[in-house]
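# What the coordinates show
Each chain, written out:
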Amino acid sequence: MIKTDKILHLKSCRGRKVRVVREHYVRERVPCFSSLCQAGCPNDGKVLPEDLTHYVVPDAEVVLNFLEVLEVRELQGVVFTRTACQALHSKGRRYYNRLRNLLKDPRHDCVLFANEFQTYSYCPREKGESQEAWQTRCVYAAAVWYYNHLAGVMNIVMITEDKNAVTQFSSLNSGVFVISLEDYLQDFWPDLKAAQDLYSSISQALQEKEAEDSQREFPEHLPAEVLEAGIKSGRYIQGSLKVSKHRAQNEAFINNDSLFSKNTGVLVFGSKSRNRAIHGDLVAVELLPKSEWKGKVTALTEGQVDEKMGEDSKDKPMPTGRVVGILQRNWRDYVVTFPSRDKSQSQSRNSQRILAIPWDRRIPKIRISTQQADVLQDHRVVVRIDSWESTSLYPNGHSVRVLGRAGELETEVQTILTENCIHVSPFSEAQLREMPVNSTEKLWTVDPAQVEKRRDLRESHLVFSIDPQGCEDVDDTLSVRSLADGKLLELGVHIADVTHFVSEGSLTDLEARTRATTYYLADRRYDMLPAVLSSDLCSLLGGADRYAMSVLWELDAQTLAVTKVWFGRTLIRSSYQLHYELAQALLNGEEAEVPELARLDSEERGIRLTELIKALETLTHVARHLRAQRDQGGALELEGVEVRAQLDEERNITALVPRQPLEVHETVAECMIYANHWVARKIQEAFPYQALLRRHPPPRQELFSPLVDTAKAAGFTIDTRNNKALADSLDRAVDPQDGLVNRLLRMMATQAMSQALYFSTGSHPEDQFYHYGLALDRYTHFTSPIRRYADIVVHRLLTAALAVEEGAELVKPQSGNKELEELAGHINSRNKAALLAQKSSVGVFQCLFFKERDPQKDPCCVADAIIYSIRDNGVLVFVPKYGVKGPVYMTNRDGQVVAVGSDGSCEWQSGSVRRYSDYISTTSCCGSASFRLFDHITIRISVTTINCHADTLNLQIISNKPHCSAAPQQSFSQNRNQMVQEVVRLAEEAQEKAALKPKLSKEEREFRQSRSPNLYSLLEEVRELALMDLEAVSQICATTA
C-alpha cells in the first residue's frame, strides 16, 4: 500500500474557496470483478461474464447525464469507475442511490471498479487541470488498466461526450476504443431503439435547457444547513407535500402529527406557495401569520368521489404556510399527453418545446423538448423531470417512451401501471432456468429426500381447497378430523411451500421481492412468480402431491380450546378442489356434483360425499367459534364492493359474477386469519426484534366525523371510542326499511380506517403490534406466498424459528431489523400501488361501459342512487347497481340550481342553494326542494372525456324519487345463474370469432388475459340481461340449451 496526497478544492458554507489536502492510499490488489481475471483478484460478489464481445467504461459526464441509458438491461459488461460514481454523488443522493441499486441488482451486468485506489490506474490531478478533464483522464486510465489486466483478451470501449477526449485518446491504445455514446449505441446496438430514443431525448433536453432569465418566478430555496437548523429550532416544519386530487391548483397539505392535536397538518395554498415542490417531495414549510391562514374548500369539484377528511372547515382557518426548501425530491416517471397544436399553451417553432399535460392532475405541466411534437399529438408519453429552475414557471423534462394514443384501452392500462410505478417485464431466461421442469416429456415428481424430511399427510388427512371458481393459484388448503375417539378435533391449514422452490437471493427471489405482490387488473393479472410455480408446482391442485407448510391445532371437541399446536413442512395431496358456491351448496344440503366423485360407483360416492360434508360442517362450526371470539374482542365487519370475473382454461374471461356473501367465505377467511395469528406469535417469540408482522393502527378520531354525523341524521349513534364499541354500534345501525343504510355506514367506516402495514418488530413498541380491524394482538401474512412476497419472508422466518426450536446452532433470520423495516416499507408501497392500479383499472372499464351509450336513450344509463354525504353545492351518492360512488351537483356553471317538478322530475332553473347539516335545499320559481341523507334519487350516468386525463363518470339527477326499476334488483340476484349461462354462451361465440383473428403474442398469453371477450363486453351483456324480465331470460336460456 502506497501513501499519497489528494488535493481537493472545496467551497465553504460562506462561498469561500478552501484547499484541502487529504491522505490517499493506493494498492495493487483491487478487485476487477471480471470472470476473465487470471491475477487472482479478490472478486467477491457479482462478476462480469466472459462471453461478451467487450466491456464498456462510461466517463463521468455520461454517468451524470445518461445514467438512464446505462440502466437498459441489454447493455452488458458496464464498468462504473469510482471517479464517475463520486461525480454522480455530487449531483444528489437520489441519483447516487439509483446507481448503487443498479450495481446491487444481479439482473444487470455492471460492476464498480475502485480506480482511484489502484496503483496503476490512479491519476493525480495536475496543476491547472479542470475537474472534467481530470475525470475523463482517470476513466481512460481505468479502461487501459482493464485491458492490460485482462491480458488483452477483452476489448474495452470507453464512451464519452467529450469530443476532444475522443480525438486525444482514440489512437493511443489498440485495445481501448474511445467513442461517443451516440456512436456506441448506433454501431454496437443498432437494434436497441429504446436506448437510442432515450439518448436522443436526453440530449435534446440538455442542449435546449432553459437559460436563466433575470426575472425570477419563484424565490430561491434555502440552503440545506439553514433548513436543518430551522427544523431543529421549530421555525420550519418538515413533511411530505400532498397535493389535493380535486383542487390541485390551490390546495396542498403537509402532515405532521407532532404539531397539532387534531393532526390537521399545514395548508399550502396556491402554486406560488409551493415554490416548485411537486406532489410527494419532502419539504420544509414556514408558517404564515394567523391573519393569512385559510380553510379547506368543502364544495364539490369535477371528478370528486370521496376524500378522507374530518369536519368541514370552510369557516375554520387552519395553519397555512409556504415552502422554503426541498429536503428530498421524490420524482418518478410521469405519463403526459402532448396536446393538439391549437391547444398547446407554449411552444416554439424552432425548438419544439411543448408544455405537456400530466395524466395525474396533481402534477404541474412539464416542458418537453422534442423533434416529434407533431407526431406525438394526443399521445400518452412517459417523461422524467430534469430540473425546475427558479426562473421558470414549469419544470423541464425529457421523454422516455411512447405508450400509445390517448383513449385506447391498452394505452390507458399501461398509463395506470406507469403512474403507479409498476414495472413488470417478462421473466428473463436466467430466471426461468432456475425453475423446476414439469412437462409431458419430464414430469415433476416428489423428491424422496423430501419425503423423509416432511410429515406425510397424504393418506392420513382429508385435505381440500375452497377457492373462487376457475382459480389456478391455489395456495391454501384445509383439513379437519376427529382424534381420541371424538374427544379432540384437529384443524389443519396447509399453505404452498413456495420457499422450497424460491431460494433466498436467487434471481427469481429478487424479482419477486421487487414486484412484492401479484397485480390484479380488471382484465388481466401480472404474477409475482413464474407460471410454472404460481399455476402448477406451488398450486395445491386436486389429486397432486405437493409440498406445504402446515399449521395443525388439536382442539377440545366440546370447548374448542387449543390443547396443542404443530408447525412444520408437510407433504399433502388435496382430495377435493372445491369452489365457494359448490361448498356452500353441500353445506345447505342441496344437490351438487363434486367432480372428483363423478367416476365412482353410487355406494362409494355416497360414503365419500358424506365424509366431505361432515368435514365442511365441522369446519364451519369451528370457524363460527373463532369468529365469535374475535367479535368479543371488537373485530370489525366492514363493507366493500367486489366483482369477480370467471376465466376459462385459456385465461379468457367467460362471465362476470358479482360476489354474493356466503358463509363459506367467512369460514375460509377465519381459518386463514387463525393461521396468520398463530404464525405471528411463533415468529415474534423466536425473533422478538426481527419478525415481519402486520399492524393496523387505530383510525384518527376526526376521520369518523362524517360517519357519526351521517348516522345521527338517520337516528343512529355511532360510538368510535374503540373497535368493540364501533362494531357494536354498526351492528345496531340497521334500518328495517332500507338495507342499504347499514351497508353505506359500513362503507363510510371503511373509508375512515387507516392502512394496515407490514413492519419489523424491532422498530415499534409491542403495544403498537395490535391489529385494530381484526382485534388481534399479533398478526402477519402467511397464507398466500404465491401472490405476496411478505408471506415468503414469513415462511422463511417460521422455518428459522422451527430450526431454533429443534436445537440448530447459529440460526438467524434472513435480515436484521433495519433491513427488514426497509423491506416492509417497500412491500407496503407496492401493495398500495397494486390497490390504486386495480381501482383505476375498474374505473377505466366502468367508463368504457357507459362511453358508447346514449345517456338520453339507453336505460342502462339510468339508475337508483342513495345520498350519503352533503356538500356546499351538491351531494355524494352511491349507485348500488354498478357499485359506483360520485358527486351529484345541485348547481351548474351557469349558476342555475336543480328545480323539482310536481312529478319529481328535475331540471335546471335560476335559483339558490343552501346547505344544512343533514340535507341540502334548492329554491327556484318551482318552489323549494330538499335532498336528505339516505334519500333515494334517480340519476343519469354519462362519461366526461378529457383527452389529457382519465375519463370520469358524470352523475346527473333526473328525479328526486327512487328509480322505478330499483326494487326488482333482488330478483336479478336470485336468478343470476341463468343470466351468467347466457353471458357464457355469448362469450363463447365471441371466442369463435376471435379465433379467426391473429393469435396473441407470447407475452400477451403469458402475462395477461386476451382482449376478446373483455370485461367491458361482459359488463355490457350482464347489464342488458339485468334489465330483461325473468320470463325473457328463461326463454333465452331454453333456446340456447
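Residues numbered from 1 in each chain as written. Predicted model: local features only at pLDDT ≥ 70, side-chain atom pairs only at ≥ 80, totals over all residues. Heavy atoms only, no water.

Put simply, the rule is: UniProt positions are given in the numbering used here, feature names are shortened, and annotations may be inferred rather than shown by experiment.
In the nomenclature of an unreviewed UniProt entry, the protein chain is known as DIS3-like exonuclease 1 of Kryptolebias marmoratus. The annotation that UniProt attaches to the protein chain under Catalytic activity (unreviewed entry) is "Exonucleolytic cleavage in the 3'- to 5'-direction to yield nucleoside 5'-phosphates." Checking UniProt for the protein chain, the heading Sequence similarities (unreviewed entry) contains the comment "Belongs to the RNR ribonuclease family."

### What about the pattern of salt bridges?
How we decide: Note on definitions: salt bridges are taken to be side-chain nitrogens of Lys or Arg within 4 Å of carboxyl oxygens of Asp or Glu. A run of H or I in DSSP counts as a helix once it spans at least four residues, and a run of E counts as a strand once it spans at least two, with each numbered from the N terminus. When accessible area is computed with a 1.4 Å probe and restricted to protein chains, residues below 20% of their type maximum are described as buried, those above 50% as exposed, and intermediate ones as partly exposed.
Tallied over the entire structure, the rule returns 47 salt bridges. E670 is paired through a salt bridge with R630; the nearest N and O atoms lie 2.5 Å apart. Remark: R630 occurs in helix α16 (residues 602-633) and E670 occurs in helix α17 (residues 663-686); sequence separation between them is 40 residues. Here E670 matches R630 in class, with each residue buried. A salt bridge links R721 to D719; its shortest N-O distance comes to 2.7 Å. Residues joined by salt bridges that share partners form a network here, namely D456, R458, E459, D545 and R573.

### Notes on the sheet that holds strand β20 (residues 476-483)
Defined as follows: Any two strands between which DSSP finds at least two bridges are classified as paired. We call two residues in contact whenever any of their non-hydrogen atoms come within 4.5 Å of each other. Here the axes come from fitting lines to C-alpha atoms, over the contacting stretch only for helices, and the angles between their N-to-C directions go from 0 to 180 degrees.
Taking strand neighbours across the sheet as the criterion, the 7 strands line up as β18-β25-β24-β21-β20-β19-β26 in an open arrangement whose pairing is mixed. Either end of the sheet is taken by a strand with one partner, and the two such strands are β18 (455-456) and β26 (576-579). Summarising the sheet, β20 and strand β21 (residues 488-496) pair through 8 bridges and their orientation is antiparallel. Bridging from a neighbouring strand, V480 pairs with L491 of β21. Sitting on the sheet, helix α15 (residues 580-587) touches β19 (463-467) and β26, and the angle it makes with β26 is about 95°. Across the face of the sheet, α16 comes into contact with β19, β20, β21, β24 (545-556) and β26 while running at roughly 65° to β19.

### Brief notes about the sheet that holds strand β11 (residues 282-287)
Strands sit in the order β10-β9-β8-β11-β12 across an open sheet of 5 strands; the sheet is antiparallel. The open sheet has two edge strands with one neighbour each: β10 (266-269) and β12 (321-328). Direction aside, the axes of adjacent strands within the sheet are offset by 40° on average. With 5 bridges joining them, strand β8 (residues 236-243) and β11 adopt antiparallel strand pairing. Of the residues in β11, the one forming a bridge with I237 is V285.

### Notes on the nonpolar core
Put simply, the rule reads: Buried Ala, Val, Leu, Ile, Met, Phe, Trp, Tyr and Cys residues that are joined via side-chain atoms within 4.5 Å together make up what is termed a nonpolar core.
Membership of the largest hydrophobic core comes to 85 residues, with the highest contact counts inside it found for F464, I466, W553, L578, L692 and F782. For I466, the contacting residues outside a window of four places in its chain are L578, H579, Y580, A583, L616, V664 and V668. Of all hydrophobic cores here, the second largest spans 57 residues; its members include L707, F878, Y889 and F934.

### Observations concerning unusual backbone geometry
Phi at L560 takes a positive value of approximately 60°, unusual for a residue other than glycine. Residue placement: L560 occurs in the loop between β24 and β25 (562-573). Of the residues examined, L560 reaches a relative accessible area of 6% and is grouped as buried. Residues other than glycine seldom take positive phi values, yet F934 does so here, at roughly 70°.

### Remarks on the packing of aromatic side chains
Our working rule: Working definition: a ring pair exists when centres of Phe, Tyr or Trp rings (six-membered ring for Trp) sit within 6.5 Å. Plane angles under 30 degrees give stacked, over 60 give edge-to-face, the rest tilted.
Summed over the entire model, instances satisfying the criterion amount to 18 aromatic pairs. On the basis of an interplanar angle of 80° and a centroid distance of 5.1 Å, the ring pair of F113 and Y146 is categorised as edge-to-face. Placement of the pair is F113 in strand β5 (residues 110-113) and Y146 in helix α4 (residues 131-149), with a sequence separation of 33 residues. A relative accessible area of 0% places F113 in the buried class. The buried category is assigned to Y146, whose relative accessible area is 1%. With a centroid separation of 4.8 Å and 80° between ring planes, the pair formed by F849 and F850 is classed as edge-to-face. We classify F850 as buried; its relative accessible area is 3%.

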